[in-house]
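Take a look at the letters that make up each chain.
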Amino acid sequence: MQNHETPYRVIPYGSSAATFYLKDCLAGLNENLEEKSVDVVVTSPPYNIGINYSRYRDSLPRQEYLAWLEDIGQSVKRVLAEDGSFFLNVGNKPKDQWIAWDVACVLRRHFVLQNVIHWVKSIAISKKDVGNYPNIAGDIAVGHFKPIVSSRFLNDCQEYIFHFTKNGDVRLDKLAVGIPYQDKTNIGRWKAAKEDRRDRGNTWFIPYETVRSRKDRPHPATFPVMLPEMCIKLHGKARLAVDPFAGIGSTAVACRNLGIAFVGFEIDREYLDAAILRLL
Ligand SMILES: C[S@@+](CC[C@H](N)C(=O)[O-])C[C@H]1O[C@@H](n2cnc3c(N)ncnc32)[C@H](O)[C@@H]1O
């Protein structure tokens with residue numbers, strides 16, 4: 001029997017480590033983390049859309065689901081530093097386009113919504129719409145998405161990343177996820193443009209990593225490592241990031257890549273074992 005007070009596994013890297021708990025995240029946030037000790041929380045909860053997780057029933061009555069996420073939000077608030085960032089990734093399903101916004105509304109009672117980032121999984125750009133753009137030679141369609149066979153609903157090519165903070169005044173390192181200027185004459189012309197990098201804005205194209213077999217992603221609903229990596233970099237200086245719904249550890253891998261400490265909670269041992277394998 002797992003002792004819920006001790007981590008399931010700690011994996012050191014550099015001068016930091018990833019600490020995984022096989023534990024309900026509400027209990028974990030309340031029992032295993034000090035108040036105001038966390039710089040960044042990046043997570044993606046179950047969306048309540050009937051995904052086939054092995055240990056979690058993803059179809060609660062809506063009000064129960066929202067009340068549960070509100071409780072978790074309050075526990076996140078307790079452990080988050082005053083200048084911390086809480087990045088919450090949520091998506092919808094075709095027949096229910098309000099899920100993400102309903103979740104945002106309950107968290108609104110406890111946080112300020114400082115940014116709304118659109119995680120763009122796939123995009124099509126026609127050459128004719130961009131005009132004489134030197135880097136675009138023809139029509140492009142990039143990224144992966146699950147096709148929706150329906151005459152009513154468009155393919156769902158985006159999800160939300162809600163950036164919640166305690167007071168709405170957290171200073172970000174926008175250039176850490178910035179992009180080069182297309183028109184280099186902007187450098188030096190604007191006071192803010194001291195180097196060849198600008199704010200990329202709130203539409204982030206983050207494609208899924210191509211998986212060859214189910215073995216490569218033994219989980220039905222992951223986000224790409226690049227997503228938590230960009231969130232943590234945008235927040236700026238961070239020592240500890242937490243993912244209450246760790247899954248197979250995409251946020252843990254991002255933390256390892258960035259050399260910062262990670263704490264994650266997950267109720268499914270198989271997912272945690274897969275997360276651990278990704279870090280070894
Ligand atoms: C959307 S997935 C997260 C996937 C993760 N972002 C990744 O890339 O691997 C949500 C996860 O939450 C887990 N989960 C559900 N209820 C939980 C709870 N009460 N405490 C901790 N984890 C839970 C599920 O088992 C599932 O793996």
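All values derive from a computational prediction rather than experimental measurement. For every chain, the first residue of the written sequence is number 1, and numbering continues from 1 onward in sequence order. The predicted origin of the model limits local features to residues at a pLDDT of at least 70 and limits the giving and counting of side-chain atom pairs to 80 or more, whereas totals for whole chains, interfaces and linings rest on all residues. Here the side-chain values reflect all heavy atoms present in the structure, with hydrogen atoms and water set aside.

In this section: the overall build of the protein. For the purposes of this entry, the term helix denotes a DSSP run of H or I that reaches at least four residues, the term strand denotes a run of E that reaches at least two, and both are numbered from the N terminus. A tally of helices and strands in the protein yields seven helices and 11 strands. Rg of the C-alpha trace for the protein: 19 Å, near the compact-globule value of 19 Å for 280 residues, within the 12% margin. Remark: exposure states derive from per-residue accessible area (1.4 Å probe, protein chains only) relative to the maximum for the residue type, with buried under 20%, exposed over 50%, and partly exposed in between. Each of the 280 residues in the protein was classed as buried or not, and the buried ones make up 47%. Put simply, 68% of the contacts in the protein that link residues at least 6 apart link residues at least 24 apart. Averaging the positions of the 37 positive and the 32 negative side-chain charges in the protein gives two centres separated by 4 Å. Radius of gyration here uses only the C-alpha atoms, and the compact-globule reference equals 2.2 Å multiplied by the residue count raised to the power 0.38. Note on definitions: a residue-residue contact is assigned when non-hydrogen atoms from the two residues lie within 4.5 Å. Positive charge is attributed to Lys and Arg, negative charge to Asp and Glu, and no charge count is given to His or to the chain ends. Every charge is mapped to an atom, namely NZ of Lys, CZ of Arg, CG of Asp or CD of Glu.

Two strands are said to pair when DSSP picks up at least two bridges between them. Ordered in space as 1-2-11-10-3-4-8-5-9, the nine strands form an open sheet in which the pairing is mixed. The open sheet has two edge strands with one neighbour each: strand 1 (9-13) and strand 9 (203-205). Neighbour-to-neighbour, the strand axes of this sheet turn through a mean angle of 20 degrees, independent of strand direction. Lines fitted to C-alpha atoms define the axes, with helix axes restricted to the stretch in contact, and inter-axis angles between N-to-C directions lie between 0 and 180 degrees. Those strands touched by helix 2 (residues 62-79) are strand 3 (38-43) and strand 4 (80-90), and its axis lies near 145 degrees from that of strand 4. With respect to the sheet, helix 7 (residues 269-279) is in contact with strand 1, strand 2 (16-22) and strand 11 (261-266), its orientation differing from that of strand 2 by roughly 165 degrees.

What follows deals with unusual backbone geometry. Even without being a glycine, Lys36 presents a positive backbone phi close to 55 degrees. Unusually for a residue other than glycine, Asn48 sits at a positive phi of about 70 degrees. Turning to its location among the elements, Asn48 is positioned in the loop between strand 3 and helix 2. Of the residues examined, Asn48 reaches a relative accessible area of 11% and is grouped as buried.

This brings us to the environment of Cys25. Along the chain, Cys25 falls in helix 1 (residues 25-31). According to the relative accessible area criterion, Cys25 is buried, its value standing at 4%. Sequence separation between Cys25 and Phe265 is 240 residues, and the spatial gap between their C-alpha atoms is 5.3 Å. Look past the residues within four positions of Cys25 in its chain and what remains in contact with it is Ile72, Pro244, Phe245 and Phe265.

Of all residues adjacent to the ligand, which total 24 residues, the nearest are Asp24, His219, Ile248, Ser250 and Glu266. Asp24 is positioned such that a nitrogen or oxygen atom in its side chain is 2.9 Å from a nitrogen atom of the ligand. Counting of polar contacts relies on pairs of N or O atoms within 3.5 Å, with two restrictions inside protein: one atom must be capable of donating a hydrogen and the other of accepting it, and residues adjacent in sequence are counted only when both atoms are side-chain atoms. Ile248 places a main-chain nitrogen or oxygen 2.8 Å from an oxygen atom of the ligand. Note on areas: Shrake-Rupley, 1.4 Å probe, and residue coverage restricted to the protein chains presented here. Protein chains bury 99% of the 610 Å² of accessible surface belonging to the ligand in isolation. For this classification, the nonpolar set comprises Ala, Val, Leu, Ile, Met, Phe, Trp, Tyr, Cys and Pro, the charged set comprises Asp, Glu, Lys and Arg, and every other residue, Gly included, is treated as polar. Residue classes in the shell around the ligand are distributed as 15 nonpolar, six polar and three charged. Near residues are defined by distance, with any heavy atom within 4 Å of the molecule or strand qualifying the residue.

Once that is clear, we can look at the side chain of Asp268. As for its position among the elements, Asp268 is in the loop between strand 11 and helix 7. Each reported salt bridge corresponds to a side-chain nitrogen of Lys or Arg within 4 Å of a carboxyl oxygen of Asp or Glu. For the buried Asp268, no salt bridge is present, and the opposite-charge side chain at shortest range is Arg55, 5.8 Å distant. Setting aside residues no more than four positions away along its own chain, Asp268 makes contact with Leu22, Ser54 and Arg55.

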